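# Structural overview for review
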Amino acid sequence: MRFDRIWHNARLATLSESRGGLGIVESGAVAARDGRIAFAGSMSDLPGGWDAAERIDCDGRWITPGLVDCHTHLVFGGDRAHEFELRLKGASYEEIARAGGGILSTVKATRAASEDALVAGALPRLDHLLAEGCTTVEIKSGYGLDTETEARMLRAARRLAAERPVAVTTTFLGAHALPPEANGDKDAYIEAVCRDMLPALAREGLADAVDAFCEGIAFSPEQTARVFRAAKDLGLNVKLHADQLSNLHGAKLAADFGALSADHLEYTDEEGAAAMAKAGTVAVLLPGAFYMLRETKQPPVEAFRRHGTRIALATDCNPGTSPLTSLLLTMNMGATLFRLTVEECIAGVTREAARALGRLDEIGTLEAGKRCDLAIWEIERPAELVYRIGFNPLHTRIWRGH
């Protein structure tokens, strides 16, 4: 068997569920052919007579799947540092939003930005993620709140995948906030999202999934369900910002629609956790937003464990509540703030993050047939990826076998 290249003399955290735990393989190797993993396992299990055009000695370094950031708002205009100052003075997220700040201030800046400007602004944020071994990133719209700007955001997100060696999945988040021109009429705006915006973006093939913000300051469960039905009619997957600031039973709503994921989830109850587990809806925890907003209500991690709900982690990179571009720091926050284990954290930014994007068949574990997206680390044990703060031990990032 001939490979394009093989990385040998390595220790692997394959994340393969069939191996259990982190799926560790000592004295391992990963081989690539045509951009996919052709072999991942012990050197002793390599087929006889193998050869490779290029052999890379990893000198005992660790290899994991490339990291996956499954919830970002990476494309936007402007920044919201001034709101950070307001929060330091005691203003709440909800107070800032109701005063015309928050999401709407980013909407104003994003509407004024060209596609080129949006791409240029997002590239440094993306580069920070890639420098820490990220190979796949989800990018949401939601700062346009009109068809033209939402489309521009999604086109910019797609362009990032042409500018850098990274896989980008796009999510339409038109139901993020109420635009000022809606004059407070949420139902009319949701009708426009379902009737006009969603079909137009679907025709252009700009969205891989549809998201919504189900919260008192955003949209009700009934309005969210309308968006989900419209998305399903167009054959698009759904996901949900759920139960972040209150319990509107968003987790159960997401599960009822077979959502890929429900995200945030600080106020999710036992019923929601059980429904998500049954539906296969991944719980995406976002410790960056929890930290920035100085929240005290933690997501129900023990309930997720009891019911077998899959747990992923993501940066939630956005200008207002989580200006975070580090999955390594996200893992540390997941462990320290939410008491996740090392295994849960690493799985949360690889296998479970891939599952949250509906892409586990392609990425997220080191298994034959999947995309050869790897992160090679200068560490002694996997726990270092979660334990360190402000330190990047990445040795090499491999995308599609290169």
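Sequence order as written defines the numbering, with residues in each chain counted from 1. Per-residue local features of the predicted model are confined to residues with pLDDT of at least 70, and side-chain atom pairs are confined, for both listing and counting, to 80 or more; whole-chain, interface and lining totals are unaffected and use all residues. Excluding hydrogens and water, the side-chain figures rest on all heavy atoms present in the structure.

A few words now on the sheet that holds strand E10 (residues 237–242). Two strands qualify as a pair provided that DSSP identifies no fewer than 2 bridges between them. Secondary structure elements are taken from DSSP: a helix is a run of H or I of four residues or more, a strand is a run of E of two residues or more, and numbering for both begins at the N terminus. Strand order in the open sheet formed by 8 strands is E6-E7-E8-E9-E10-E11-E12-E13, and the pairing between neighbours is parallel. Each having just a single partner strand, strand E6 (67–69) and strand E13 (311–313) make up the two edges of the open sheet. Taking the axes of each pair of neighbouring strands and ignoring which way they run, one obtains an average angle of 25 degrees across the sheet. Alignment of E10 against strand E11 (residues 261–264), held across 4 bridges, turns out to be parallel. Note that in E11 the partner of Leu240 across the bridge is Ala262. Every axis in this analysis is a line fitted to C-alpha atoms, fitted for helices over the stretch in contact. Angles between the N-to-C directions lie between 0 and 180 degrees.

So, on to the packing of aromatic side chains. Ring pairs are drawn from Phe, Tyr and Trp, using the six-membered ring of Trp, whenever the two centres fall within 6.5 Å, and their geometry is named by plane angle: stacked under 30 degrees, edge-to-face over 60, tilted for the rest. A complete count under the given rule lists 5 aromatic pairs for this structure. Two conditions define a charge located above a ring, namely a distance within 6 Å from the ring centre to NZ of Lys or CZ of Arg, and an angle within 35 degrees of the ring normal. Taking NZ or CZ as reference, Arg125 lies 3.7 Å from the ring centre of Phe76, over its face. The cationic tip of Arg388 hangs over the ring face of Phe391; the distance from NZ or CZ to the ring centre is 4.3 Å.

Here we take up the domain arrangement of the chain. Domain assignment breaks the chain into domain 1 (2–65 + 365–398) and domain 2 (67–357). Domain extents, as shown, originate in an automatic or database domain assignment. Of note, the centres of domain 1 and domain 2, computed from C-alpha atoms alone, are 30 Å apart. The interface is formed by 24 residues belonging to domain 1 together with 24 residues belonging to domain 2. Carbon and sulfur atoms supply 63% of the area that domain 1 and domain 2 bury against each other, a total of about 1800 Å² over both sides. Taken as a group, Glu17, Val386 and Arg397 account for 35% of the area that domain 1 buries against domain 2, more than any other trio of residues on that side. When a carboxyl oxygen of Asp or Glu lies within 4 Å of a side-chain nitrogen of Lys or Arg, that pair is called a salt bridge. Between the two partners, domain 1 and domain 2, sit 2 salt bridges. Arg355 is the salt-bridge partner of Glu17, the closest N and O atoms lying 3.4 Å from each other. Polar contact criterion, stated in full: a pair of N or O atoms within 3.5 Å, where within protein one must be able to donate a hydrogen and the other to accept it, and residues adjacent in sequence count only if both atoms are side-chain atoms. Connecting domain 1 to domain 2 are 9 residue pairs in polar contact (both at pLDDT 80 or more). Contacts are assigned to residue pairs with any non-hydrogen atoms lying within 4.5 Å of each other. What gets called buried area is simply the loss in accessible area from a 1.4 Å probe that two parts show on being joined, summed for both.

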